[in-house]
Amino acid sequence: MSNLEDLYREVILDHYRTPRNKGELPPPATCTEGSNPLCGDEIKIFLDVSDGVVNDVRFTGHGCSISQASASMMTAAVKGKSLDDVRAIARRFKQLMTIEEHDGSAPADVKLGDIEALQGVVKYPVRIKCAVLGWNTLLEGLATAQA
Amino acid sequence: MSLDIAALRKEFPMLQRQVGGKPIHYLDSANSSHKPNCVIDTMSQFMREGYAPIGRSSYTLASEASTTYEAARAKVAHFINARSPREVVFTKNATESLNLAAQSWGRANLGKGDVVVLTHMEHHANIVPWQMLAAEKSLEIRWVPLTADFQLDLTSLDSILRGAKVFAFTSMSNVLGTINPVRELCDAAHRAGAIAVVDGCQSVPHMTTDVQAWGADMLAFSSHKMCGPTGVGVFWAPEAMLDSMPPFLGGGGMISDVRLDSFTCAELPAKFEAGTPPIVEVIGLGAAVDFLSGIGMSEVRRHEIELTNYAYRALKDRYGDDITIHGATNPELRGATFSFAFRGVHPHDVSQVLDQHNVYVRAGHHCAKPLMRLIGANATARASMYLYSDENDVDALVDALDDVSSIF
């Protein structure tokens, strides 16, 4: 059972049971939808961005513990951060979710904190797409918010 | 006399696989089935000793290979009670067979405003080909709804079918296991003047198929769900129907003559088999049909009813209202496939924990998103059994679900 404990770390289950920043933001906050067509998971990311800072972020959606916990941790990590920092965190997270060599495009000093708990997902390749769903939707949302 | 499942299981090498030193419990047969030795050996032996291209060359081995290939077609025809092997067309899979129905018959016979009727429990393979044609030809698609317990709601079937040209439906739901009254549905289609297209993927492997008793106009199914190899599917239609249909894919093998400005089609069923077919796979399917026929489809069905009954009771006895099994409760009305929701845990998390116990179920939307929306879920966990499944597999599922509770 050691493997599963690696996947379902306590901090992940905590974010799953008690998601942070769950809910919607009214316009003019942007709303970006993401889905995982293979498993049917759906997510919406609401972003309030001004002066190059993510003032607020919320999410709604349905999905497995990994996708929901990852989205919750993501919102906690990027709220109040500058767009540059948010992008660096997202890049770092996506590096964490890959078994490939890092290309050094994200500064090594970006700290992910609790989010590191998700690295157990890498051992379950089919679950990686669950973990990155919220993050990819965030990156799309940032592009929309800045457009 | 009931089947000797222990002996039967020995015929399936994959069922002997162990993972982490423990046996596996394969409960994903609605997705794809495992293969018995006779299929593996037939294909291997053919490739070692009998392989040659079919249909074209006249040397001895090519002629032998053609005979073996056509013998497999005859076996499949007999298995579904077709009138003649000429009614059996080999495709890549059931999805291609349904695309053939839509693109060949549909393109030739449907026009603006014509109506195609589908049901809310169809697999995407029996939805999207019709939607593609509908977009091109401005067809109307109507839907047969479901009752609260996920049976087809037939109360207004005749009015839904009024004026329709096609009624395409599954003989058994791949999500719910619901068995549909195929004969009754074919009759209703014909009363309305529509053709009846049957997606037989889930029922053909599990129970007797009789296209003549059904009165169907077309049938599609896959080899890989019925102990045969991947890469081959079947499209069946009566000869007169096939004769009236234009070819689907063009190329070698499907013509009798080609000139610079025209071509003429080959006789049936070659007309629908362009290019080199999956020769080895078709011959493997023939062996799978022999295997199933040797057991007897009524025996397969009897075993699956008993096992479904056992599984339903075992899950309900242990978990009561904590488990919701979608669909019919009467095993006579369903196949050995059931989707379930467990204590609000997401199906991916359920299947991940079950995997740790070598219990293999599928989690997801099962290529039936319209049905999933009716169920009110983005995904379900689905356990599906076959002739080689046994009570140990069910017990393993029931026990492993306990661990899901302990984590979530």
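Residues numbered from 1 in each chain as written. Chains lettered and ligands numbered in written order. Predicted model: local features only at pLDDT ≥ 70, side-chain atom pairs only at ≥ 80, totals over all residues. Heavy atoms only, no water.

Some remarks on the overall build of chain B
Filter applied, for reference: Helix numbers and strand numbers start at the N terminus; a helix is a DSSP run of H or I with at least 4 residues, a strand a run of E with at least 2. Only C-alpha atoms enter the radius of gyration; for comparison, a globular chain is expected to reach 2.2 Å times N to the power 0.38, where N is the number of residues. Whether two residues are in contact is decided by their heavy atoms, any of which lying within 4.5 Å being enough. Positive charge is attributed to Lys and Arg, negative charge to Asp and Glu, and no charge count is given to His or to the chain ends. For the purpose of locating charges, the reference atoms are NZ of Lys, CZ of Arg, CG of Asp and CD of Glu.
Along chain B, the regular secondary structure elements total 14 helices and 17 strands. Here the C-alpha atoms of chain B give a radius of gyration of 22 Å, agreeing with the 22 Å that 2.2 N^0.38 yields for 408 residues. For chain B, the spread of C-alpha atoms along the three principal axes comes to 70 × 55 × 35 Å. Put simply, of all contacts in chain B between residues at least 6 apart along the chain, 71% involve residues at least 24 apart. Charged side chains in chain B number 34 positive and 45 negative. The centres of these two groups are separated by 4 Å.

So, the domain arrangement of chain B
Residues and elements named next belong to chain B. We apply this condition: What marks off one domain from the next here is an automatic or database domain assignment. Once two parts are brought into contact, the accessible area they lose, counted with a 1.4 Å probe and summed over both, makes up the buried area. The term polar contact refers here to a pair of N or O atoms within 3.5 Å; inside protein, the definition further demands a hydrogen-donor-capable atom paired with an acceptor-capable atom, and it admits residues adjacent in sequence only when both atoms are side-chain atoms.
Splitting chain B by domain gives domain 1 (5–31 + 297–407) and domain 2 (41–294). On a C-alpha basis, the centroid separation for the pair domain 1 and domain 2 is 28 Å. Summed over both sides, the interface of domain 1 with domain 2 buries roughly 2500 Å², with 62% coming from carbon and sulfur. For the domain 1 face of the interface with domain 2, the top three residues by lost area are Met297, Leu371 and Tyr386, together amounting to 25%. At the junction of domain 1 with domain 2, the criterion picks out 14 residue pairs in polar contact (both at pLDDT 80 or more). Secondary structure elements with two or more residues in the side of domain 1 that touches domain 2: helix H11 (297–319), strand E14 (337–342), helix H13 (369–375) and strand E17 (380–384).

Quick word on the sheet that holds E14 of chain B
Residues and elements named next belong to chain B. Convention followed: Any two strands with at least two DSSP-identified bridges between them are counted as paired. Note on geometry: axes are C-alpha line fits, over the in-contact stretch for helices, and angles between N-to-C directions span 0 to 180 degrees.
Sheet architecture is open: four strands sit in the order E13-E14-E17-E16, paired in antiparallel fashion. The open sheet has two edge strands with one neighbour each: strand E13 (323–325) and strand E16 (362–364). Shown here is a sheet whose adjacent strand axes are inclined to one another by a mean of 30 degrees, direction ignored. Set on the sheet, H11 makes contact with E13 and E14; between it and E13 the angle comes to about 155 degrees. Helix H12 (residues 347–356) contacts E14, E16 and E17 of the sheet and is inclined by roughly 160 degrees relative to E16.

Topic: the interface of chain B and chain A
Our working definition: A side-chain nitrogen of Lys or Arg and a carboxyl oxygen of Asp or Glu constitute a salt bridge if their distance falls within 4 Å. Polar here means any residue other than Ala, Val, Leu, Ile, Met, Phe, Trp, Tyr, Cys and Pro, which are nonpolar, and Asp, Glu, Lys and Arg, which are charged; Gly is therefore polar.
Each partner contributes residues to the interface: chain B has 16 residues there, and chain A has 22 residues. Both faces considered, chain B and chain A share a buried interface measuring about 1500 Å² in area, 51% of it formed by carbon and sulfur atoms. When the buried area of chain B at its contact with chain A is split by residue, Gln352, Gln356 and Asn378 of chain B rank highest and sum to 36% of it. At the surface where chain B touches chain A, the tally comes to one salt bridge. Between Arg127 of chain A and Asp349 of chain B there is a salt bridge whose closest N-O contact spans 2.9 Å. For the side of chain B that touches chain A, the secondary-structure elements that each account for two or more residues are H12 and helix H14 (391–407) of chain B. The dominant element in the side of chain B that touches chain A, judged by the number of residues it contributes, is H12 of chain B, at five residues. Classifying every residue of the side of chain B that touches chain A gives four nonpolar, nine polar and three charged.

Regarding helix H5 (residues 128–137) of chain B
All names here are of chain B. This is how the line gets drawn: For every residue, the accessible area (1.4 Å probe, protein chains only) is compared with the maximum for its type, and the residue is labelled buried under 20%, exposed over 50%, or partly exposed between those bounds. Picture the helix axis, draw a direction to every C-beta atom, and the arc is the one those directions span.
For H5, the set of buried residues is Pro129, Trp130, Leu133 and Ala134. Buried positions in H5, seen along its axis, are confined to an arc of 135 degrees and lie on one side of it. Note on H5: the residue one or two positions beyond its end, Ser138, has a positive phi of about 55 degrees.

So, the environment of Thr208 of chain B
Residues and elements named next belong to chain B. The residue Thr208 is located in the loop between strand E8 (195–199) and helix H8 (211–214) in this model. A relative accessible area of 52% places Thr208 in the exposed class. Between the C-alpha atom of Thr208 and that of Ile80, which follows or precedes it by 128 residues, the distance is 7.5 Å. The contacts of Thr208, once residues within four sequence positions are left out, are Met297 and Ser298.

What about the nonpolar core?
This is how it is decided: Here, nonpolar core refers to any group of buried Ala, Val, Leu, Ile, Met, Phe, Trp, Tyr and Cys residues whose side-chain atoms link them within 4.5 Å.
Of all hydrophobic cores here, the largest spans 75 residues; its most connected members are Phe90, Phe167, Leu219, Met226, Leu292 and Leu387 of chain B. If you tally residues by element for this core, the top one is helix H10 (residues 279–295) of chain B, at 11 residues. Of the domains in this structure, domain 1 (5–31 + 297–407) and domain 2 (41–294) of chain B are the two that each give at least three residues to this core. Ile12, Leu47 and Tyr124 of chain A together with Ala383 of chain B belong to the second-largest nonpolar core, a separate cluster that totals 73 residues.

Some thoughts on the packing of aromatic side chains
Residues and elements named next belong to chain A. Note the threshold: Stacked, tilted and edge-to-face are the three classes applied to pairs of Phe, Tyr and Trp rings, where Trp contributes its six-membered ring and a pair requires centres within 6.5 Å; stacked means planes under 30 degrees apart, edge-to-face means over 60, and tilted covers the rest.
Under the defined criterion, the tally for this structure stands at 10 aromatic pairs over all chains. On the basis of an interplanar angle of 15 degrees and a centroid distance of 4.3 Å, the ring pair of Phe93 and Trp135 is categorised as stacked. Note that Phe93 is positioned in helix H4 (residues 83–96) and Trp135 in helix H5 (residues 125–146), a separation of 42 residues in sequence. By relative accessible area, which is 0% here, Trp135 ends up buried.

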